[in-house]
Amino acid sequence: MASKRTDGSKRGGRKIGYAVAGLGHIAQTAVLPAFAHAKNSRLVALLSDDEEKREKLSRKYRCDAYSYDQYDECLRRDDVDAVYIALPNTLHAEYTVRAAQAGAHVLCEKPMATSEADCRRMITACDDAGVKLMIAYRLHFEPANLAVIEAVKSGRLGELRMFSSDFSYQVKPDNIRTQAELGGGPIWDIGVYCLNAARYLFRAEPAEVMAFSTRDQDGRFDGVPAGMSCLLRFGDEQLATFNVSFQAAPSASYRITGTKGDACLDMAYEYQGDRELTITVQDKSRTRTFKKSDQFGPELVYFSDCVERDADPEPSGEEGLADVRAIEALLRASRDGRAVKLPPFKRRSRPEPHMRIHRPPIREPDTIHAHSPVAE
């Protein structure tokens, strides 16, 4: 089925209308409020199986609400041009394919899916239907991360050699992120950020990976490791390492090191708080602070613009697939205790400094039956 509209919402006098599927913590605290900062987008429908969420949030945002059993009915609405999928990881493929078949564009949270096969199924469904597919890599538009990319591309750091990163927090017991059947585990939840950063800084794809998982008796984890340590070879002279954990103090930083200097970004992956970037070249350091901003409004602005202009989004399904295939290889390496080689994979586009979109911070609202995954 063809896309519902390809002639451009602005030229047609309408904004791109979104249904948001899944009303968990990130949807309530970040996605829904972000529509106020996306003037080319509007929220027209919500989907949840929680009756109280549907009732209160539909009233708050002045839009209709549906249960998941009513997904197809929601998709048939003339004003639903796109779906923002914020569901558990294992449901991304099903809800993307169904949206595409109904002619709706898809903006899907990361990780794109939990298998390479599902990623390819999503890409094929959207291609066949003539709809846009974008994966919600919000850092591809975030000023601090793009400043690091700019430093890399300028050659100031020299030839790149090493990437290292740590991302961790103490997860709450019984959180969805600890449930293997829903695509839980630290490599899927937070490791995807480290992997994606290594890829967009090296501007390359990993050729070989190795990984180790923690083993302990912590009752929070059933079927998923609490932490992983990963090593990736991007080329003969480029190595990346990152550590992720659900049972360590909060951290979210990375460092990229070249032959002339390095760049270190603190709070690199967070959407709350300020980010601090220190670039050191030939023993001279400069530190720059990037104030907290809305990272979700820019995603909506960019994707709606792609729909309007009939342009292919940069963080496409291909970008999501690139991360998922590497994560699957890391999980195999951890399970089998040996390095895993990946076949060549070419990306046609990567985040560029000119993609920067800044929006002021939002005030985090009170949530309904949705809690932060971070244990206090």
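Preceding this section is the structure that the text describes.
Residues numbered from 1 in each chain as written. Predicted model: local features only at pLDDT ≥ 70, side-chain atom pairs only at ≥ 80, totals over all residues. Heavy atoms only, no water.

Draft legend 1. Expanded view of the overall build of the protein chain. If you tally the helices and strands in the protein chain, you get 9 helices and 15 strands. Taken over C-alpha atoms, the radius of gyration comes to 20 Å for the protein chain, in line with the 21 Å a tight globule of 376 residues would show. When the backbone C-alpha atoms are referred to their principal axes, the protein chain occupies close to 55 × 50 × 40 Å. Residues classed as buried in the protein chain amount to 58% of the 376 residues present. Looking at the protein chain alone, contacts between residues at least 24 apart form 72% of all its contacts between residues at least 6 apart. Roughly 16,200 Å² of accessible area belongs to the protein chain as shown, and the carbon and sulfur atoms make up 46% of that amount. For the protein chain, the distance from the average site of its 53 positive side-chain charges to the average site of its 55 negative ones is 5 Å. (Helix = DSSP H or I, 4+ residues; strand = E, 2+ residues; numbered from the N terminus. Rg over C-alpha atoms; globule rule 2.2 N^0.38 Å. Buried < 20%, exposed > 50% of the residue type's maximum accessible area, 1.4 Å probe, protein only. Contact = heavy atoms within 4.5 Å. Areas by Shrake-Rupley, 256 points an atom, 1.4 Å probe, with all protein chains shown as cover. Lys, Arg positive; Asp, Glu negative; His and termini not counted. Charge placed at Lys NZ, Arg CZ, Asp CG, Glu CD.)

Draft legend 2. How the structure looks around the environment of G261. Summarising the element assignment, G261 is placed in strand 12 (residues 261–266). Non-local contacts of G261, meaning those with residues more than four positions away in its chain, are made with L157, I256, T280 and V281.

Draft legend 3. Up close: the side chain of E352. Structurally, E352 can be placed in the segment after strand 15 (340–341). Leave out the neighbours within four places in its chain, and E352 touches L146, K153 and R203.

Draft legend 4. Inspection of the pattern of salt bridges at higher detail. The final tally for this structure, using the stated rule, is 32 salt bridges. Of the charged contacts in the structure, one is a salt bridge between E109 and K110, with a shortest N-O distance of 3.4 Å. Across the pair, exposure class does not vary: E109 and K110 are buried alike. Across the pair D218 and R220 runs a salt bridge whose closest N-O atoms are separated by 2.8 Å. Taking relative accessible area as the criterion, D218 reaches 22% and is therefore assigned partly exposed. Take R220: its relative accessible area is 17%, and that puts it in the buried class. Each of R199, E205, E314, E318, E319, D323, R347, R348 and R350 takes part in one network of salt bridges that share partners. (Salt bridge = Lys/Arg side-chain N within 4 Å of Asp/Glu carboxyl O.)

Draft legend 5. View of the side chain of S41. If you trace the backbone, S41 turns up in strand 2 (residues 41–47). Here the side chain of S41 touches S304 through a polar contact of 2.6 Å, side chain to side chain. When sequence neighbours within four positions are dropped, the list of residues in contact with S41 reads K15, I16, Y18, F35, L300, V301 and S304. (Polar contact = N/O pair within 3.5 Å; in protein donor to acceptor, adjacent residues only side chain to side chain.)

Draft legend 6. The packing of aromatic side chains, seen in detail. On inspection of all chains with the given rule, the structure shows 13 aromatic pairs. Consider the rings of Y193 and Y269, whose centres lie 5.9 Å apart with planes at 50 degrees: the pair is tilted. Here Y193, found in helix 7 (residues 186–202), pairs with Y269, found in the loop between strand 12 and strand 13 (275–281); they are 76 residues apart in sequence, far enough to count as distant. Exposure class is identical for Y193 and Y269. Each is buried. The interplanar angle of 85 degrees and the centroid separation of 5.2 Å between the aromatic rings of Y271 and F296 together place this pair among those described as edge-to-face. Placement of the pair is Y271 in the loop between strand 12 and strand 13 and F296 in the loop between strand 14 (284–290) and helix 8 (297–309), with a sequence separation of 25 residues. An aromatic cluster of at least three residues, connected via ring pairs, comprises F163, F167, Y193, Y254 and Y269. We note R98 situated over the ring of Y95; from NZ or CZ to the ring centre the distance is 5.3 Å. (Phe/Tyr/Trp six-rings, centres within 6.5 Å; stacked < 30°, edge-to-face > 60°. Lys NZ or Arg CZ within 6 Å of the ring centre and 35° of its normal.)

Draft legend 7. A look at the environment of S334. Structurally, S334 can be placed in helix 9 (residues 317–336). With 123 residues separating them along the chain, S334 and A211 place their C-alpha atoms 4.7 Å apart. Sequence-distant contacts of S334, that is, excluding residues within four places in its chain, are made with A211, F212, S213 and M228. Among the polar contacts listed, one links the side chain of S334 to the side chain of S213, at a separation of 2.5 Å.

Draft legend 8. How the structure looks around the sheet that holds strand 13. Taken together, 9 strands build an open sheet; the order of strands is 14-13-12-11-7-10-9-8-15 and the sheet is mixed. The open sheet has two edge strands, strand 14 and strand 15, and neither has a second partner. Of the pairings in the sheet, the one linking strand 9 (residues 227–235) to strand 10 (residues 238–245) comprises 8 bridges and is antiparallel in character. Bridge pairing in strand 10 places G235 opposite Q238. Sheet strands in contact with helix 9 are strand 8 (208–213), strand 9, strand 10 and strand 15, and its direction is about 55 degrees off that of strand 8. (Pairing = 2+ DSSP bridges. Axes fitted to C-alpha atoms, helices over the stretch in contact; angles between N-to-C directions.)

It is worth stressing that arrangement in space is one thing and function is another; only the former is reported here.
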